[in-house]
Every structure is written in C-alpha cells, then in structure tokens.
Amino acid sequence: MMKKMSIPTSKTSLVLFLCQIISALDVPLDSKLLEELSQPPTITQQSPKDYIVDPRENIVIQCEAKGKPPPSFSWTRNGTHFDIDKDAQVTMKPNSGTLVINIMNGGKAEAYEGVYQCTARNERGAAISNNIVIRPSRSPLWTKEKLEPNHVREGDSLVLHCRPPVGLPPPIIFWMDNAFQRLPQSERVSQGLNGDLYFSNVQPEDTREDYICYARFNHTQTIQQKQPISVKVFSTKPVTERQPVLLTPTGSTSTKVELRGNVLLLECIAAGLPTPVIRWIKEGGELPANRTFFENFKKTLKIIDVSEADSGNYKCIARNTLGSAHHVISVTVKAAPYWITAPRNLVLSPGEDGTLICRANGNPKPSISWLANGVPIAIAPEDPSRKVDGDTIIFSHVQERSSAVYQCNASNEYGYLLSNAFVNVLAEPPRILTPANKLYQVIADSPALLDCAYFGSPKPEIEWFKGVKGSILRGNEYIFHDNGTLEIPVAQKNSAGTYTCVARNELGKIQNEVQLEIKDPTMIIKQPEYKVIQRYGQVSFECIIKHDSTLLPTITWLKDNDELPDDDRFLVGKDNLTIMNVTDKDDGTYTCIVNTTLDSVSASAVLTVVAAPPTPAIIYARPNPPFDLELTGQLERSIDLSWIPGDENNSPITNFVIEYEDALHEPGVWHYQTEVPGTQTTVHLKLSPYVNYSFRVIAVNKIGRSQPSEPSEQYLTKSASPDENPANVQGIGSEPDNLVITWEPLKGFQSNGPGLQYKVSWRQKDVDDEWTSVIVANVSKYIVSGTPTFVPYEIKVQALNDLGYAPEPSEVIGHSGEDLPMVAPGNVQVHVINSTLAKVHWDPVPLKTVRGHLQGYKVYYWKVQSLSRRSRRHVEQKILTFRGNKTFGMLPGLEPYSSYKLNVRVVNGKGEGPASPDKVFRTPEGVPSSPSFLKITNPTLDSLTLEWGSPTHPNGVLTSYTLKFQPINNTHELGPLVEIRIPANESSLILKNLNYSTRYKFYFNAQTSVGSGSQITEEAVTIMDEVQPLYPRIRNVTTAAAETYANISWEYEGPDHANFYVEYGVAGSKEDWKKEIVNGSRSFFVLKGLTPGTAYKVRVGAEGLSGFRSSEDVFETGPAMASRQVDIATQGWFIGLMCAVALLILILLIVCFIRRNKGGKYPVKEKEDAHADPEIQPMKEDDGTFGEYSDAEDHKPLKKGSRTPSDRTVKKEDSDDSLVDYGEGVNGQFNEDGSFIGQYSGKKEKEPAEGNESSEAPSPVNAMNSFV
C-alpha cells in the first residue's frame, strides 16, 4: 500500500512556494512558469507611509509592482485622481509607477505636500499602496533672544535652556564651546532629553562665557547655533551641602505613553551636593533583563522593543549622603495595529473553494475593513462565489472571473495596516518543472529523494515508474510525497536506474525521467588510535579510508574541534597526521574528517603527552599468540572463525592476520586469507570447494607479529565443478607450421574437485571450420602441428573435473608460427638534406609476404670513404629501426663530404627479411673542424713564428686559412685586429714588423667552399732584448722547515704556463717519491703532514716540458716539542719585543704619510730596507746578492713565469709611491714562514694569488717553538 506524507522542511530544497496557501494550489517559483501564468498585480516596493523629503532635491515616490500581464499605474493625491500629465514637473518612470517630482528645476516642495496613493492594475485586478504622506523637511533659524549672564553660587544647581526651533524631523542637540569642542559631561553635568544642560551643583571651573547649544538637522545637513550663554560662579565660605532635589521631571509623579515596538526613554536628573546617584526600579516587577540599558550616567532608563507587558510604574531614586528623592513615572504601552494573520495570495482551480483571513491586534483593538480591487467591498461588483464574514472572506466554486485583488485595512487611533492579497483562478494542463534526465547520486543504505516538481490546475496526480516501460511503483519500500517527490527510504545498489514521473489532470498528461546512481559509502578502515607519547617525541595518527571510486574525498584534521595550529611540527600526509617534537600543548583530541560531495565520516583519538617514563620502564613486546580457535556456522562456501586474543604486552593489538592450510593439495603450506582490526575476535570466511581447510591466527601490534596460534580443526568442503577457467590463454607459434596454446593452470583449491582437466579448443578464424578439441591434464601447453604459416586462430581453454565443466570460456585470438619475410622493400630513395642529415624513402612490402607480425623496417648504412682524404677504411655498419608500417626515416650524424651505402630490410617476430639493393649516396662539403694545433715559436724583438696542423676533419677541400691577431696591453685591453689569408698548402708563417715586448692574441681557423670552421686561439710575447733563448730550467730550490711542514720555493726559467709539481721522500729511503701537484704556475709550495725530526729529500719538476726536474735538496724538520713548553706569549721579553715592532711600524706609517702629502718620492730601496727578512728580496742571477730597483721608463709588467730580463731589473711606468704599488697593499700575501709572496710592480693592478696551497702564517709562538 502506498504511503502519502508531506516532505520535511529539510528535504524541500528544490520546491519553493510563492506564498502560503490554505486549501489552494502550490505555485513553485519557477521563472519560466511564472512568465507564462496570468497573475493579478502585486505591490513589490513603495515609499514609507511618513515620507519626509529634502526640499532642495527632487521628490521620488516609489511604487513598483509585478503581474501578468504587466500592470498599469495611476495615483491619487489627497483622495482625488492625480493627473500627472497636467503637471510638467511630475513624471512617471517607464514600466514603473514611481513618480519623480522635479524640485531642482523650479518646483517648490511645499506645493506637493499631501497624501499620495498608487494603484497597479491589470485584467485580473488592482492592488493599492499605503497612503504615503509627503512632507518637506524644515530647519528653521533660532528665534533671537537676549541672554543675561548666569551668576550662580558655588554648590547650587543650574539649568541652561536650549529651546531649539521646531524642525521636521526634530533636530539633534549637542553643547559645544567657541573652539567647537564638546563640553565635558559627567554625573554632575549632563544634557537632558529635551536638550537642556543640567548642573547638579556648580563648581568654580564651570565659569565660562561660551556655553553654546547646537541643533543639527540631518535631512538638510544644516546646523543652527544658539547665542553663547555666560555662566559666572561666585564662592561663599563655607559651601553648604544639600540633599537631592529632582530638577526633571518635577513633582512626585508623572505619566508616559509609548507605542509597542518603540524605545521607551525615562529620565531623572537631580540637584544636590554631593552629586546624587540615580537608581531605577519597576514597582511590582523586574526590569526586563535583555532589553534594559542605562545611559547618561544612569540618569536615563532605556527599554527597547517595548510591549504591553512593560506597562507599569517606574521609580527613579536620587541619593547622596544627606538623603534621597524619588519620582514615579506611570508608563502605558499602546499599540498601533500589528498582524496576527495577514491575508495570503490564493491560487485556485475552477470549482475549488478557498478563504482569505485578515487578523490584526492593537491597543485599542483595530477595526477590519475589506476592499476589492481598491474599492470598498460593499460597493464593489458582486461575485456570487464570495462571502464576507468579518475578518474572513469565503470563496466557493470559484470561476476564472472570480480573480481579483483584495485589500485588508486594520486601523486604530495610532495607525493602520494595509495588505494586498490576490485570488487567482487558473485552468492549466500539467507541467513538470524538474529538469529532464536529472542525475541524483546517493550513498548506499541512505534515503534517496527523486524530485518531480510539478504544476497544474486542477492539481495533477503523480505516478512513478522505474524504467521507461516499468510498472507503477507501489509498496512499503517507497514513500510518495504531496509535492511529487519519490522517496526511497533505504536505497540499495539495485535501486539505481531510470525513474519516470507522470503528472496528469483533466486537461492533459506529461512525464519526465530522472537518473539515480548509488555510491559506496565512505569508510575509515584504519582509525586514529589513542596515543601516549613522551614529551619531545614524535607521534603519528593514521586515517586510512575506503571510498567510492567516482567520488573525490578530502581529509581534514582538527585538534579539539578546531583547526590545527599553524606550526611546522604538524605534518599532514595523505592518510596520516604526524606531530614532531611533541610538547605539552599538543595534548588533546585529534579528529580525522573525511568529506565527499555526498557523505562525511570522522574518527577521533586522544593524545596524552607525558614526562619521562616511570621507573621501572614499561616493557613493550610482541603480543602472545591467540588461542582457543573455534569453527562455527559451517556452510558449503563459508564458515565463522573465532578466537581469544593473547596478552598484548603493553602495546595494543592493531590487527589479526588469518591464514589457512590446504591439507589436501598443499599440506604444510600456509596462505594469507584475510585480516581484521585488533578489536575484532570473529570473522566470516569465504571458502572454496574441495579444500581441506585448517586456520591459524597471528596477532600484530606496533612491536611486531606474534607467533601463529595453534591450528584450528580441519574442515573439508564439498566438491563442485570449477568456478573459473584458466587465465592468460595465448596462441603463439614456435615454428612456421605449428600453433602453441598456453595457459595458466588452476591452483589446487581452484579445481573445486578431483580429476582436474582442461578442454583445449581451436579453429582457424574467418574460415567456416568446426572447433577441434582435445582434453589434457597436468599440463599448461598444447601444440597444434601442421598449421599454415601465420594465420589467425580462435582459441579457448575450459576447465573441468569429475563433477562437470566450468562456465563457457571466452575466446582469444592467436596466430600460428611466423617465418622470415619473403621480399625486400623496393624503390629505395635517398634525399640528402645537408652535410650531416639524409632522408631515406622506400615502398612497403605486401603484408602477405611479411609472414608474421610486422614490427618495422631496419635501415643499414655505412661510410664507404671520405672524399677529402680518398682513403678507404672499414667502418662498422650503423642500424636504425623504424617501428610499424613507416615508409621513410631520417639518417642523422653523417660525416660531411663522404660516400655512403645503405639498404633496407623488413622485420617481423621471426627476424629480418632480405636486404634491398645497396643504395649509394654522397654528403656535400661542410665547414672544417679547428686546426689540430697552433704553435708560436722563435720570438724576437719584432717577429713570431707560427706553426699549425691541418684540421682533423676537413669535411671538404680546404681552400685557405685565416689568421687574425691583435695586441694586448698591460690592462688586458685588446688593440686593433689584423686579418691575414693564408693558402691551404701552407703549415707555417713568420709574422714580422711586430712591436717588441708586446703580448699578442692569435685566432686561427680553416675554410672550405662552404665556410669557416671553428677557430683555435693562442697568445705569445715578443722579447724585449735580443738575447739567446733560454731552455727551461728550475734552479735555486730552497726550503724552510718547521716541525710538521716545510716551505719549498724555486726559480723557473722557460715558457709561460708551466705546471709544476713537488716530489719528496725520506732521505736515504728506497721508497718511491711522493708527488704533490702545484696549483697554477706559482713558484712556491707548502709540504704538510711531515714527521718531526726527520730528514727529507725534495725536487721540483714541470709537466709537459720534456719532464725536466731540478736537482735534489735535503732538509730536516724540527724536533717534536716536549709536553711542558714555556708559553713565550706571557714572557716579558717577548711582550717588549712586540711593542717595539708595533712602535717601529707606527713610525714608518707616519713617515710615509708625511712624504706622500709633500708629493715626494718614496724609493723602493727604502721599502726594501724596512723588511728584515731577505727572502722577500729579488736576487741576482750570478752572485745571489740583492738587486736594486730601477726608475727606468717604458717597462712593461712581467707576467709570472715569463723569462727574467738579462739585467735582472724590474722597471715601472708611473711612480706615485703608493704602498699598494710595492706589494704592501691588500694584494700582498705571506707564506707560512712569514715570507712575502706578493710581486713588486710598477702598476696598481696586481695579479691575484693563484691556488690554495698557501695558508695563514703561524703564530709567533709556534714559529719560535718549532726551532727550539
């Protein structure tokens, strides 16, 4: 039997009602429907009843209405028709009833004062607006009056009267001084509700002449000012204290009338010294708790939203130390009319009944009157279906002509209410407003609500069907709601599908289809668990979910039902929350919330943060194995297993793993069956036929897995025919005349019974052949012989046992064996794109000649010879494979100006077919590679000799060489570039007429007819004097040894860019020399990690220069120091020596400063004498004495490693005697033994020190201790 009920409010999201109807049609707010239905007018917007306007601006009287057809508008003024066409200042907005009275263009606002009413009318009735009273705002000036100064005795009370002009609306009053600063108010001095300023008692500081009352008129945005009032306070001793006296209100009692819903303001201001304190009470009752407020230092009682219950006697009590005074205000709350039940629009079908109810209340009780289309109902046209009964109009058997708009007026002496309500009689065929094929998605086992929003007049009947041609839905599993909605209280998977809604009345019938999809519920399969964690530890909560694959879940974590703290320690993963470095404030409840568009689930866990573990510490271990396994509920395909958990050993069990043994097929082998949460001790297991089961259970906690439980009793399931067929069935030939059929055999428990066999069937595809079958056992392969080469076969393999066959298997397509392709690709063409790239084309071979699966084509190509060298040599073939049925390919990486051959072969699964005839092609010339080398030799004063090697890869016929060179000055700036073209058959060149002692940079490349190749660069220097060139040599190797390291220095003569190395070993030892590479081309090195008190041999060599080395030198490291050494840094003689050195340096700096300011010269010789260590001086080549620095001009700076001039002097261009120029600036560096390793130069630009072998100089203490 069908249920019929109304949808709850929470389930009516799609059906909205135009109005609440009693015994009437429901009209949904469907925009398209409302545009088509006829409707009487409805006032949607109107101006307020009491409308005060700014007399300086245009007057806009609003009246907006809707209806079908759109209504027309008319106005009355003061009860008579207002003809706006006769007044040029008045216009009505298009498609609206709103009036605009043009005041800013000559009109007078006072001329348009009056009572206005708007009427909106169409063929179905007329609606009227409220009576709108238009009054212009007024802000009159203050009347002039002569104000005498107020002379008041100290302690007396005083009232300064404001008496503002009467405005419309009343002004806002405030008191200020001449500086436009508000006068301070307090319990003693305050402003009353009437605007007067009250002094409970005056003080001398109240004396002033600028008490000014201001009145602000908001409508006109004007402020009027009263003349200043002067107050002078004179003192008398002593000041007499007085008990309270009320300044306002006067007398002991007064009355107050207020309207319901307004704000009630009661005021009491008292005089007295000391200043009285005001308190309020309500006689016989309490002041309303949530609506009572005190203002103006409790002198004003404010009650908002008053009702009749607030009537009564209110007493104010003023009290000081001398006594009290009180006043009782009798409050009466009256009420303008207010609605109890306002009339509602009524939509009826022809012949239906209905009622309009108009009920209002007020004090006094309002009277009710009815109008029809704006006319009192007593004189309105008769309607036989209408009967007026006081506040109710009853309609019976209405017809379309009964449509009208009715007005209810409720009024008393304090106001009125006017409400429009239409009666609309419609005859309409059924319409379904729910979109066609609307898709509903719900979670399984949840209610499903399928909407069928409809309209029709008379009201249609609704029927539901499942499917397009299904039967009508009936029964207790469905609920049919009055608004057409079909409810399925518990939607299951089989509830999904197409549902059809049919609406019919006497005027017609219509139907609509909707779709229902059932989704799997979202579940948290691994919930966060209660955690106890030590402070500063790490904790993780899991939240592993399972959800419908078509829904996208979002996971949110909360702490104590609020967002997670904004802290980097909280790491939110895909299915976990990790908290690093846990603190006490992390204690709380953590909640994982999973939301999809259809459902939401959550789970919580508590985190407890504890201090260090108690003593003795808790021992955590793997759980003990479960026991007492029991089998119950034995069925053919299922069984229930239960157990008792073992001791969890202080770590909660997270899950149980269930394993099974098949004693019939695989005795002794345990297989995984399933697992359940640690809170579960029973499980329902699905079984397979013909298996002798026994089960065991393993408990798991965070420490690990328990030992397995003892096996349960055995349970042998009954035999049955197989449920499934072998998987992965394939047919692939191993030879050209066979077909090998293979499959994955069923496992033992999949056989479902004894006598497992396989029925193998095959037949050639696309040939009208019968199936050929064979039954085999204990194999997973069958070979069909005598087949044609590479033809398709339909194959199927079906399992069977002694009880029968498995279900019919699906067919797969296989092929008999492949053979090598028969023909080669034809019409091979080569298109050379450039010197390194060619494109090859060929015609595809016929598929029948492939005799297998076409895998692609292989292109074999090889270089025959280089056309530039005319030399043949064996080159390995290169192979490119092009997959699929491609007929072209690109050959990259070819060598320019070479002859190539290629052929093409087709490839199938068996191998390659015959090669096509070799195709010869040539690549054009390209640009050459760079010359193989460039040497610059035999430097003279004005010439250099260049030698070069031809390019390794000429890539064509060389036409010439190009040499470009330019000088480089001392600041590494490049001079003008000179270019020379050299014939291709040359291999050397002597450049003459060069500048002496000048560095040149050379750029050298080769050309073919295509263009220039890459260039090679080199630098060289012409010599300064005509001397015989020196062969490279290393001389004057010196050592300065400490306890565990030694400074090695040497002199070098020879070409630039030599790379040095130092070899050393223990003197007298036969061990191999140890080798250290010197970083850069500098002439010093520090050997570290030496053994104290040991003699070492050392020599220096240069890489790449015929392997020449220096002669050997022998040195000995200092002895190891005793453990008790004197710290000389604390000795008096050492401190005195350091002070003397500091003083000497200070004097030297002063002298330098004075000389520089005088513009004098600072000879380098003086600088040399300032250094005590002779190792920093340059030495002469012949006798080892210190050389002098010359002031000769035009000397070019030497590059480190270049030959030393024959006179062993270093010249400088400009001598400004800066210390930086002589190596004492920021570029100076010292070795570990303190020796200076910077270079003297006549230029300020110093070459940076190279390498990283040099380190900080050792402290003076260590330096001295190393020689003790």
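This one's a predicted model, so the numbers in the text were calculated from it and none came from an experiment. (Residues numbered from 1 in each chain as written. Predicted model: local features only at pLDDT ≥ 70, side-chain atom pairs only at ≥ 80, totals over all residues. Heavy atoms only, no water.)

Chemist: Residue-level account of the overall build of the protein chain, with values.
Modeler: Across its full length, the protein chain carries five helices and 94 strands. Across the 1268 residues in the protein chain, those meeting the buried criterion constitute 41%. Residue pairs in contact within the protein chain that sit at least 24 positions apart in sequence constitute 65% of those at least 6 positions apart. As displayed, the protein chain offers around 67,600 Å² of accessible surface, 51% of which is attributable to carbon and sulfur atoms. (Helix = DSSP H or I, 4+ residues; strand = E, 2+ residues; numbered from the N terminus. Buried < 20%, exposed > 50% of the residue type's maximum accessible area, 1.4 Å probe, protein only. Contact = heavy atoms within 4.5 Å. Areas by Shrake-Rupley, 256 points an atom, 1.4 Å probe, with all protein chains shown as cover.)

Chemist: Can you lay out the sheet that holds strand E47 (residues 508-519) for me, pointing to particular residues and giving the numbers?
Modeler: What the four strands build is an open sheet, ordered E40-E47-E46-E43; its pairing is mixed. Of all strands in the sheet, those bounded by a partner on one side alone are strand E40 (438-443) and strand E43 (461-466). With strand direction ignored, the average angle separating the axes of adjacent strands in the sheet is 30°. Examined bridge by bridge, E40 and E47 share six bridges and lie parallel to one another. Considered in E47, the bridge of Val 442 is made with Ile 518. (Pairing = 2+ DSSP bridges. Axes fitted to C-alpha atoms, helices over the stretch in contact; angles between N-to-C directions.)

Chemist: Break down a nonpolar patch on the surface for me, with residues and values.
Modeler: On the surface, Leu 1143, Leu 1146, Ile 1147, Ile 1150, Val 1151, Phe 1153 and Ile 1154 cluster together to form a nonpolar patch covering roughly 650 Å² of accessible area. Looking at the secondary structure, you find Ile 1147 in helix H3 (residues 1132-1158). Residue Ile 1147 is classed as partly exposed on the basis of its relative accessible area of 45%. (Patch = residues over 30% accessible without salt bridge, like charges linked within 9 Å, V, L, I, M, F, W, Y side chains within 5 Å. Salt bridge = Lys/Arg side-chain N within 4 Å of Asp/Glu carboxyl O.)

Chemist: So what about the nonpolar core? Which residues, and what values?
Modeler: With 32 residues, the main nonpolar core has Ile 59, Ile 61, Trp 75, Ile 101, Tyr 116 and Ile 134 as its most contacted residues. At the level of secondary structure, the elements contributing two or more residues to this core comprise strand E3 (50-53), strand E4 (59-61), strand E5 (63-68), strand E6 (72-77), strand E9 (99-101), strand E10 (114-122) and strand E12 (132-136). Ile 134 has contacts with Tyr 51, Val 53, Ile 59, Ile 61, Tyr 112, Glu 113, Gly 114 and Tyr 116, leaving out every residue within four places of it along the chain. Residues Ala 448, Cys 452, Ala 503 and Leu 516 belong to the second largest nonpolar core, which totals 20 residues. (Core = buried A, V, L, I, M, F, W, Y, C linked by side-chain atoms within 4.5 Å.)

Chemist: How would you sum up unusual backbone geometry? Please name residues and give values.
Modeler: Cis geometry marks the peptide bond from Lys 237 to Pro 238; its omega dihedral reads -10°. Mapped onto the fold, Pro 238 is located in the loop between strand E20 (229-234) and strand E21 (242-248). The linkage connecting Asn 363 with the following residue, Pro 364, adopts the cis geometry, with an omega of 5°. With respect to the element layout, Pro 364 can be found in the loop between strand E32 (359-363) and strand E33 (367-372). Of note, the phi angle at Asn 827 is positive, near 55°, even though the residue is not glycine. Considering the arrangement of structural elements, one finds Asn 827 in strand E73 (residues 826-834).

Chemist: Please give an account of the pattern of salt bridges that cites residues and values.
Modeler: Scanning the entire structure with this criterion turns up 35 salt bridges. Here Lys 519 makes a salt bridge to Glu 517, at a shortest N to O gap of 3.1 Å. Here Arg 569 and Asp 567 are joined by a salt bridge, their closest N and O atoms 3.1 Å apart. Here Arg 569 falls in the buried class, since its relative accessible area comes to 14%. Using a relative accessible area of 24% as the deciding quantity, one classes Asp 567 as partly exposed. Taken together, the shared-partner salt bridges connect Asp 177, Arg 208 and Asp 210 into one network.

Chemist: Explain the packing of aromatic side chains to me, and be specific about the residues and the numbers.
Modeler: What the rule picks out here adds up to 24 aromatic pairs. Between the aromatic rings of Tyr 1064 and Tyr 1096, the centroid separation amounts to 6.4 Å while the plane-to-plane angle is 50°, which identifies the pairing as tilted. Of this pair, Tyr 1064 sits in strand E90 (residues 1059-1066) while Tyr 1096 is found in strand E93 (residues 1095-1103), placing the two residues 32 residues apart along the sequence. Taken together, the aromatic side chains of Phe 174, Phe 180 and Tyr 214 make up a single cluster linked through ring pairs. Over the ring of Phe 82 we find Arg 77; its NZ or CZ atom is 6.0 Å from the centre of that ring. Above the face of the Phe 888 ring, Lys 839 is positioned so that its terminal group lies 4.8 Å from the ring centre. (Phe/Tyr/Trp six-rings, centres within 6.5 Å; stacked < 30°, edge-to-face > 60°. Lys NZ or Arg CZ within 6 Å of the ring centre and 35° of its normal.)

Chemist: Explain the environment of Ile 1016 to me, and be specific about the residues and the numbers.
Modeler: Structurally, the position occupied by Ile 1016 is in strand E87 (residues 1016-1021). Put simply, Ile 1016 and Ala 1006 are 10 residues apart on the chain and 9.7 Å apart in space, counted from C-alpha to C-alpha. Sequence-distant contacts of Ile 1016, defined by excluding residues within four places in its chain, comprise Pro 931, Phe 933, Leu 934, Phe 1002, Tyr 1003 and Phe 1004.

Chemist: How would you sum up the pairing of E10? Please name residues and give values.
Modeler: Along E10, seven of the nine residues are buried, which leaves the element largely enclosed by surrounding structure. Examined bridge by bridge, E6 and E10 share six bridges and lie antiparallel to one another. Residue Phe 73 lies in a different strand from E10, and its bridge partner there is Ala 120. Bridge count between E10 and E12: three bridges; the pairing is antiparallel. Residue pairing in the sheet places Tyr 116 in a bridge with Ile 132 of E12. Sheet topology note: the E10/strand E11 (residues 125-128) ladder contains four bridges and is antiparallel.

Chemist: Which residues make up empty space enclosed by the protein, and what are the values?
Modeler: Taken as a whole and assessed by the stated rule, the structure comprises two cavities of 30 Å³ or more. Of the volumes computed, that of the second largest cavity is approximately 30 Å³. Along the walls of the second largest cavity sit Glu 187, Ser 200, Cys 268, Ile 269, Ala 270, Pro 276, Ile 278 and Lys 299, which together make up its complete lining. Of the residues assigned to the lining of the second largest cavity, the class counts are five nonpolar, one polar and two charged. (1 Å grid on protein atoms, 1.4 Å probe; cavity = no way out; pocket = protein on both sides within 12 Å on 5 of 7 lines; lining within 4 Å. Points joined across faces, edges and corners; volume = space filled by probe spheres on them. Nonpolar A, V, L, I, M, F, W, Y, C, P; charged D, E, K, R; others polar.)

Chemist: Kindly report on the sheet that holds strand E8 (residues 90-92), identifying the contributing residues and their values.
Modeler: In space, the three strands of this open sheet follow the order E4-E9-E8, with antiparallel pairing throughout. Where the open sheet ends on each side, the last strands, each with one partner, are E4 and E8. Direction aside, the axes of adjacent strands within the sheet are offset by 20° on average.

Chemist: An account of the state of the cysteines is needed here, citing residue identities and associated values.
Modeler: The tally for this structure, following the rule as stated, stands at six disulfides. Across the disulfide, Cys 162 is cross-linked to Cys 213 (sulfur-sulfur distance 1.9 Å). Negative torsions about the S-S bond denote left-handed disulfides, and the value of about -70° found for Cys 162 with Cys 213 makes this one left-handed. Remark: Cys 213 occurs in strand E18 (residues 208-217) and Cys 162 occurs in the loop between strand E14 (158-160) and strand E15 (172-176); sequence separation between them is 51 residues. Look at Cys 162 and you get buried, because its relative accessible area is 0%. What connects to what in the protein chain, once the bonded cysteines are numbered by sequence position, is 1-2, 3-4, 5-6, 7-8, 9-10, 11-12. (Disulfide = S-S within 2.5 Å.)

Chemist: Describe in detail the side chain of Ser 960, supporting the description with residues and values.
Modeler: Structurally, Ser 960 is set in strand E83 (residues 960-968). At 3.2 Å, the side chain of Ser 960 and the side chain of Arg 981 are in polar contact. Setting aside chain neighbours within four positions, we find Ser 960 in contact with Arg 981, Ile 982, Pro 983, Ala 984, Ala 1006 and Gln 1007. (Polar contact = N/O pair within 3.5 Å; in protein donor to acceptor, adjacent residues only side chain to side chain.)

Chemist: Describe the environment of Gly 106, with residues and values.
Modeler: Mapped onto the elements of the fold, Gly 106 is located in the loop between E9 and E10. Separated by 17 residues in sequence, Gly 106 and Gln 89 place their C-alpha atoms 8.3 Å apart.

Chemist: Tell me about the environment of Trp 75, and name the residues and values.
Modeler: Within the element layout of this structure, Trp 75 appears in strand E6. Sequence-wise, Trp 75 and Tyr 116 are 41 residues apart; in three dimensions their C-alpha atoms are separated by 6.9 Å. Side-chain polar atoms of Trp 75 contact the backbone oxygen of Gly 97, separated by 2.9 Å.

Chemist: With reference to specific residues and values, describe the confidence of the model for the protein chain.
Modeler: With 85% of its residues at a pLDDT of at least 70, the protein chain reaches an overall mean of 83. Counting contacts from residues 1-23, a segment whose pLDDT is below 50, to residues more than four positions away or on other chains yields 49 contacts. Confidence over residues 1159-1268 falls short of pLDDT 50; this stretch has 184 contacts with residues more than four positions distant or in other chains. (pLDDT = per-residue confidence, 0-100.)

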